[in-house]
Amino acid sequence: LDVPDPSVKVQQLVVEVTADKSTGGFRLSLYHRYWLLNLTGEPLYVRQTSHAMSEKLSSKCLTVGSPIGFDFASGGNELEVLMEGYSWTQSFSIDKQTADGLQLKLTPDSKGRERSKQETPVRELYLNVTTSTASGKFDRTIVISFEPEIVFRNHLADPLVVWQRASPS
């Protein structure tokens, strides 16, 4: 079922109809197959890709901490992810078996402004992808979370400075 939404072109919902034997009526369930959840701390963009049609569909912004219902448009079966300052990731499947435990590598975007010598160079960024089945009456939906590989939370009164020693690779 395609439902118009002013913020995006179309929201695709699954419609499930079951007979209720106790009342003789029908139960109608509407749901998204997937909920995408951004836990990175920064806005994240996702877009559907279709290898069969060699095209990329419009992107959606995942704001931090707000789940967004998602389902594939016809013909597509993979996603790509983008964060500001980085290039699109390689496409990946989000079915529960292949997405859980996946690590996405975001590489710095080569376009844009030149960086000054005083600025810290931008390095690769790794995001972990986890999947889980929603609980209770939402158990038809798979929640796909995007999280940073490493998170620092400073509970001190002073700023925290973190650096990594150079490695041979």
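Residues numbered from 1 in each chain as written. Predicted model: local features only at pLDDT ≥ 70, side-chain atom pairs only at ≥ 80, totals over all residues. Heavy atoms only, no water.

The next point concerns the sheet that holds strand S11 (residues 125–133). The strands making up a sheet associate through backbone hydrogen bonding, with each pair oriented either parallel or antiparallel. Reading across the sheet, the five strands line up as S8-S5-S12-S11-S10 and stay open at both edges, with mixed pairing between neighbours. Strands at the two margins of the open sheet, each flanked by one partner only, are strand S8 (68–70) and strand S10 (102–106). Neighbour-to-neighbour, the strand axes of this sheet turn through a mean angle of 30°, independent of strand direction. Sheet topology note: the strand S5 (residues 34–38)/strand S12 (residues 142–148) ladder contains five bridges and is parallel. (Pairing = 2+ DSSP bridges. Helix = DSSP H or I, 4+ residues; strand = E, 2+ residues; numbered from the N terminus. Axes fitted to C-alpha atoms, helices over the stretch in contact; angles between N-to-C directions.)

Bridging between strand S3 (residues 14–20) and strand S4 (residues 25–31) involves seven bridges; their strand directions are antiparallel. Paired with Val14 across the two strands is Tyr31, which belongs to S4.

A few words on the pairing of S11. Pairing geometry for S10 and S11, over five bridges, is antiparallel. Within S11, the residue paired with Gln103 across the bridge is Asn128. As paired elements, S11 and S12 share seven bridges and run antiparallel to each other. For Thr133, the partnering residue across the bridge sits in S12 and is Ile142.

This part covers the side chain of Ser145. By the secondary structure assignment, Ser145 is in strand S12. For Ser145, the contacting residues outside a window of four places in its chain are Leu37, Leu39, Asn128, Val129 and Thr130. (Contact = heavy atoms within 4.5 Å.)

Let's shift gears to the nonpolar core. Among the nonpolar cores identified, the biggest contains 20 residues, and Leu36, Val81, Leu104, Ile144 and Phe146 are the most heavily contacted of them. Those elements giving two or more residues to this core turn out to be S5, strand S6 (44–50), S8, strand S9 (78–83), S10, S11 and S12. (Core = buried A, V, L, I, M, F, W, Y, C linked by side-chain atoms within 4.5 Å. Buried < 20%, exposed > 50% of the residue type's maximum accessible area, 1.4 Å probe, protein only.)

Bringing the packing of aromatic side chains into the picture now. The full count for this structure, using the stated rule, is zero aromatic pairs. In this structure, Arg47 is placed above the aromatic ring of Trp88, and the distance from its NZ or CZ to the ring centre is 3.9 Å. (Phe/Tyr/Trp six-rings, centres within 6.5 Å; stacked < 30°, edge-to-face > 60°. Lys NZ or Arg CZ within 6 Å of the ring centre and 35° of its normal.)

What follows is about the pattern of salt bridges. One pass over the structure, following the stated rule, counts three salt bridges. A salt bridge links Glu16 to Arg140; its shortest N-O distance comes to 2.9 Å. Here Arg140 lies in the loop between S11 and S12 and Glu16 lies in strand S3, a separation of 124 residues in the sequence. Residue class for Glu16 comes out partly exposed when judged on its relative accessible area of 25%. (Salt bridge = Lys/Arg side-chain N within 4 Å of Asp/Glu carboxyl O.)

So, about a nonpolar patch on the surface. A surface patch of nonpolar side chains, about 530 Å² in accessible area, is lined by Val15, Val17, Phe26, Leu28 and Leu30. Counting residues per element, the ones that place at least two in the nonpolar patch are S3 and S4. Among the elements that make up the nonpolar patch, the one with the highest residue count is S4 (three residues). Structurally, the position occupied by Leu30 is in strand S4. (Patch = residues over 30% accessible without salt bridge, like charges linked within 9 Å, V, L, I, M, F, W, Y side chains within 5 Å. Areas by Shrake-Rupley, 256 points an atom, 1.4 Å probe, with all protein chains shown as cover.)

Turning to the side chain of Glu78, a few remarks are in order. For Glu78, the location among the structural elements is in strand S9. Only 3.0 Å separates the side chain of Glu78 from the side chain of Ser91, close enough to count as a polar contact. (Polar contact = N/O pair within 3.5 Å; in protein donor to acceptor, adjacent residues only side chain to side chain.)

Honestly, it's all geometry; don't read function into it.
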